[in-house]
Amino acid sequence: MNYTFTPTIDLSNAGVYPLLAFTASVNDIDNSNDTLSEDIHNYDHDFYTADYTMSFEPFEDVTGWYMEDVNMDNVSWNISPYVGVNSSYGAYYNYNFDGVTPADDWMLSQCFVLNANVNYDISFKHRVASLVYPENMTVMIGAGQSGSGQSDTLISMQNMTNTNFDSTGVTFSVPINGIYYIGWHEERHPNMWRIDLD
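Since the structure is predicted, the reported quantities are computational estimates derived from the model, not experimental observations.

A. The arrangement of the overall build of the protein in detail. The number of helices and strands found in the protein is zero helices and 13 strands. Each helix (α) and strand (β) of the protein, taken in turn from the N terminus, gives the series β-β-β-β-β-β-β-β-β-β-β-β-β. Structurally, the protein occupies a C-alpha span of about 70 × 45 × 30 Å along its principal axes. Within the protein, the fraction of its 198 residues that count as buried is 38%.

B. Region of interest: the pattern of salt bridges. Inspection of the entire model under this criterion finds four salt bridges. Its salt-bridge partner being Arg127, residue Asp196 comes within 2.8 Å of it at the nearest N-O pair. With Asp196 in strand β13 (residues 195-197) and Arg127 in strand β8 (residues 120-128), this pair connects stretches of sequence that are 69 residues apart. In this structure, the salt-bridge partner of Asp196 is Arg194, at a minimum N-O distance of 2.7 Å. Judged by its relative accessible area of 0%, Asp196 falls in the buried class.

Rules of the game
- Residues numbered from 1 in each chain as written.
- Predicted model: local features only at pLDDT ≥ 70, side-chain atom pairs only at ≥ 80, totals over all residues.
- Heavy atoms only, no water.
- Helix = DSSP H or I, 4+ residues; strand = E, 2+ residues; numbered from the N terminus.
- Buried < 20%, exposed > 50% of the residue type's maximum accessible area, 1.4 Å probe, protein only.
- Salt bridge = Lys/Arg side-chain N within 4 Å of Asp/Glu carboxyl O.

The structure is reproduced here in structure tokens:
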């Protein structure tokens, strides 16, 4: 059954919109399965009002972010305390314990509405667990919240060995107005250790 409500829901402003749907039937003796509830998130961010920041702290909304385990080895990006700057929260990618599987995992941002011919700046802090275990990571941007949806390289960072947090910044623009996602792709060789982001 399809039904279109009038008027429709206005989701144009950023925020969380709770949606509740339920059914009622005279002969229904089990009311425990009559209701569905879902929160709809509009992650629209106005860059003219303020910069967007994400430090992966518990008070920040990370629900729009997505971690993709492309090689399906059950090892992917995570968020944890003590891996960020000054032992705060941060994102990290740990090694695969089998010692033979290379990394192929993405951490993908929430969506951003970006305009063509505008310069945007992105910066982030990163470090590796040990200079003996160098890390490889590429930061990309694209129209999809998946590795396959990432189309343009912002920066390729190969053989990183900094064990103290270093800051990296990139200025970029997009070719057309639209919705974009930024992806951090961990692509290291097998048997490496860990990379931290904040």
